[in-house]
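Topology and contacts: notes
Chain by chain, the residues:
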Amino acid sequence: MLYITNITIAATKKYTHIHIQIQESKRQTMSNDECQGKSSWPELVGVDGKVAEGRIEKENPLVNAIIVPEGSSVPFDFRCDRVWVWVDKDGIVKQIPTIG
């Protein structure tokens, strides 16, 4: 399965350029009771998103940490192999990253 990890839109007077970055999932979907390893990282609120992404994947190698700008849309399905890392316009983590 592929996930959109970043979308950039740049417009000029003549053209609109859309860049979509995708990432392949490392794991298949699991049920809630199958989630393993650390599942929440409250200590990362206020930390740079890239730093948080690396720490999450180091502390739980079963997950993909995906940086998401505040206000973005994401799928609502629950996945044990995914952690949304919500960041502000400066790339700082604004919510507790949790598995889901």
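This report concerns the structure included in the present document. (Residues numbered from 1 in each chain as written. Predicted model: local features only at pLDDT ≥ 70, side-chain atom pairs only at ≥ 80, totals over all residues. Heavy atoms only, no water.)

**Description of the pairing of strand β3 (residues 64-69)**
- The element β3 is extensively covered by neighbouring structure, given that five of its six residues are classed as buried.
- Taken together, the six bridges between β3 and strand β4 (residues 82-87) define a ladder with parallel strand orientation. Looking at the pairing, Val68 lines up with Trp86 of β4. (Buried < 20%, exposed > 50% of the residue type's maximum accessible area, 1.4 Å probe, protein only. Helix = DSSP H or I, 4+ residues; strand = E, 2+ residues; numbered from the N terminus. Pairing = 2+ DSSP bridges.)

**Remarks on helix α1 (residues 49-59)**
- Those residues of α1 that fall on the buried side of the exposure criterion are Gly49, Ala52, Glu53 and Ile56. Considered in projection along α1, the buried side chains sweep an arc of 100° and stay on one side of the axis. Pointing more than 90 degrees away from the buried face of α1 are the exposed residues Lys50 and Lys58.
- Summarising the contacts, the buried residues of α1 are in contact with β3 and β4.
- For α1, the N-terminal cap is Asp48; the gap from its side-chain oxygen to the backbone nitrogen of Lys50 is 3.0 Å. (Arc of directions from axis to C-beta. Contact = heavy atoms within 4.5 Å. Polar contact = N/O pair within 3.5 Å; in protein donor to acceptor, adjacent residues only side chain to side chain.)

**Focus: the side chain of Arg82**
- In this fold, Arg82 is placed in strand β4.
- Looking at Arg82, its side chain comes within polar contact range of the main-chain oxygen of Asp77, at 2.3 Å.
- Here Gly100 takes part through its backbone oxygen, which lies 2.8 Å from a polar atom of the side chain of Arg82.

**Regarding a nonpolar patch on the surface**
- On the surface, a cluster of nonpolar side chains totalling about 600 Å² of accessible area is made up of Ile4, Ile7, Ile9, Ile18, Ile20 and Ile22.
- Secondary structure elements with two or more residues in the nonpolar patch: β1 (2-11) and β2 (16-24).
- Note on placement: Ile18 falls in strand β2. (Patch = residues over 30% accessible without salt bridge, like charges linked within 9 Å, V, L, I, M, F, W, Y side chains within 5 Å. Areas by Shrake-Rupley, 256 points an atom, 1.4 Å probe, with all protein chains shown as cover. Salt bridge = Lys/Arg side-chain N within 4 Å of Asp/Glu carboxyl O.)

**Some thoughts on the environment of Glu43**
- Of note, Glu43 is situated in the loop between β2 and α1.
- For Glu43, a relative accessible area of 39% translates into the label partly exposed.
- Separated by 54 residues in sequence, Glu43 and Pro97 have C-alpha atoms that sit 9.2 Å apart.
- A distance of 2.8 Å separates a polar atom in the side chain of Glu43 from a polar atom in the side chain of Lys38.

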